[in-house]
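# Fold and contact review
Below, each chain spelled out in residue letters.
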Amino acid sequence: MSPRRRDDKGTANARAGRRTELLATAAEVFASRGYAATTVREIADAAGILGGSLYYHFDSKESIVDEILSTFLDDLWARYDEVLAAGMGARETMERLVVESFRAIDRHRAAVVIYQNESRHLSEGERFAYLGESWDRFERMWGELLDRGIKEHEFRPDLDVPLVHRFLRDTVWVAASWYRPGGRLPADEIARRYLSMVLEGIQAPKE
């Protein structure tokens, strides 16, 4: 590789790294202040750069939040799809999905907060239609899994599937509001303790 090509590659890597840092900073600002209330200037201030410099990397505030949310969801669904394709029983599948959910909070905490707080509003725009599609996909996935668990006699036959789905959704993802990476308990341990509480309530009685 010629010296010029090495320099070009190094510049591209540095630019990509800086872009990643800016996205992380913007995600924290959006999560704490809200998308509508946040200005490009505030993101730039938090990143320690001039407001105009941010446009070197992104063309708008909308582009920034789009990349934050799409990156989070692409990563989450890739890991969910691996679990769903593994051919496990309903209970084990649910356990793995919950673990992956808490791991996603560990990797994308601010993005999860933004998704929870802003996705209903943002999904009204054509650019963010994928957010509403993701909500529907979550509902189908959990509904089908819980129904399968009932049929396989792993979950109680009197389970209220829509109610349990909402409970699982809300109690897992609300953890993004208090979880901090590097805290007292790692994500996997929080998932294990969460599951030990939930499964006692929904599993089928032992004969």
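Note that the structure is a prediction, hence the values are computed from the model and not measured.

### Section: the packing of helix 4 (residues 90–122) against helix 6 (residues 161–173)
Two quantities define a packed helix pair, namely the angle between the helix axes and the distance between the axes. It is the contact of helix 4 with helix 6, at a shortest axis distance of 9 Å, that shows an interaxial angle of 60 degrees. Looking at the two axes, helix 4 sits oblique to helix 6. Across the interface between the two elements, Met94, Val98, Ser101, Phe102, Ala104, Ile105, Val112 and Gln116 of helix 4 pack against Leu168, Val172 and Trp173 of helix 6. The residue makeup of the contact of helix 4 with helix 6, split by class, is 9 nonpolar, 2 polar and no charged.

### Brief notes about the UniProt feature "DNA-binding region" (unreviewed entry) in the protein
Mapped onto this numbering, the UniProt entry annotates "DNA-binding region" (unreviewed entry) at residues 39–58. Spanning residues 39–58, this segment combines 40% helix with 0% strand, and its end C-alpha atoms are found 13 Å apart.

### What to know about the pattern of salt bridges
The tally for this structure, following the rule as stated, stands at 18 salt bridges. With a shortest N-O distance of 2.7 Å, Glu189 and Arg192 are connected by a salt bridge. Placement of both Glu189 and Arg192 in helix 7 (residues 187–202) is noted, with a separation of 3 residues, approximately one turn of the helix. One network of salt bridges, with partners in common, ties together Glu62, Asp66 and Arg127.

### Topic: the packing of helix 3 (residues 61–84) against helix 4
Their axes nearest at 9 Å, the elements helix 3 and helix 4 cross at an angle of 155 degrees. When the axis of helix 3 is compared with that of helix 4, the two are roughly antiparallel. Crossing hand, helix 3 versus helix 4: left-handed. In terms of residue class, the contact of helix 3 with helix 4 is built from 16 nonpolar, 3 polar and 5 charged.

### Section: the side chain of Ser119
Checked against the element boundaries, Ser119 lands in helix 4. A distance of 2.6 Å separates a polar atom in the side chain of Ser119 from the backbone oxygen of Tyr115. In contact with Ser119, not counting residues within four places along its chain, are Ile114, Leu131 and Trp135.

### A word on the packing of aromatic side chains
In this structure the tally under the stated criterion is 10 aromatic pairs. Ring centres 6.2 Å apart and planes at 80 degrees place the aromatic pair Tyr80 and Phe138 in the edge-to-face group. Of the two residues, Tyr80 is situated in helix 3 and Phe138 in helix 5 (residues 129–151); the sequence distance between them amounts to 58 residues. The same class applies to Tyr80 as to Phe138, namely buried. Above the plane of the ring of Trp135 lies Arg120, whose end atom (NZ or CZ) is 3.9 Å from the centre. Here the basic side chain of Arg137 rests over the ring of Trp77, its NZ or CZ set 3.9 Å away from the ring centre.

### As for the nonpolar core
Counting 65 residues, the largest nonpolar core has Phe30, Ile64, Ile68, Phe72, Phe102 and Trp173 as its most contacted members. Among the elements of the structure, helix 1 (3–33), helix 2 (40–47), helix 3, helix 4, helix 5, helix 6 and helix 7 are those that each provide at least two residues to this core. Among the elements that take part in this core, helix 4 stands out by supplying 15 residues, more than any other. Dropping the residues within four chain positions of it, Phe102 is found in contact with Val172, Ala175, Ala187, Ile190, Ala191 and Tyr194.

Quick notes on the rules
Chains are numbered independently. Their residues run from 1 in the order of the written sequence. Restriction of local features to residues with pLDDT of at least 70 applies here, the model being predicted, together with a cutoff of 80 or more for giving and counting side-chain atom pairs; totals for whole chains, interfaces and linings are based on all residues. Computation of side-chain values covers all heavy atoms of the structure but excludes hydrogens and water. Here, axes are lines fitted to C-alpha atoms. For helices the fit covers the stretch in contact, and angles between N-to-C directions go from 0 to 180 degrees. Only DSSP runs of H or I covering at least 4 residues are called helices, and only runs of E covering at least 2 are called strands; the numbering of each starts at the N terminus. For classification purposes, angles smaller than 35 degrees are called roughly parallel, those larger than 145 roughly antiparallel, those between 65 and 115 roughly perpendicular, and all remaining angles oblique. Contacts between residues were defined by any pair of non-hydrogen atoms, one from each residue, lying within 4.5 Å. Residues are sorted three ways: Asp, Glu, Lys and Arg are charged, Ala, Val, Leu, Ile, Met, Phe, Trp, Tyr, Cys and Pro are nonpolar, and all the rest, Gly among them, are polar. UniProt positions are given in the numbering used here, feature names are shortened, and annotations may be inferred rather than shown by experiment. For salt bridges, the criterion is a side-chain nitrogen of Lys or Arg within 4 Å of an Asp or Glu carboxyl oxygen. Crossing chirality is assigned from the near helix's rotation relative to the far helix, an anticlockwise turn below a right angle marking it left-handed and a clockwise turn marking it right-handed. Pairs of N or O atoms within 3.5 Å make up the polar contacts considered here, provided that, within protein, one atom can donate a hydrogen while the other can accept it, and that residues adjacent in sequence are counted only when both atoms are side-chain atoms. Two rings belonging to Phe, Tyr or Trp (six-membered ring only in the last case) form a pair when the distance between their centres is within 6.5 Å. Interplanar angles under 30 degrees mark stacking, angles over 60 mark edge-to-face geometry, and anything in between is tilted. Only protein chains enter the calculation, and the probe is 1.4 Å; a residue is then buried if its accessible area is under 20% of its type maximum, exposed if over 50%, and partly exposed in between. Charges are assigned to positions over rings by a cutoff of 6 Å between ring centre and Lys NZ or Arg CZ, combined with an angular limit of 35 degrees from the ring normal. As used here, the term nonpolar core means buried Ala, Val, Leu, Ile, Met, Phe, Trp, Tyr and Cys residues forming a set that is joined through side-chain atoms within 4.5 Å.

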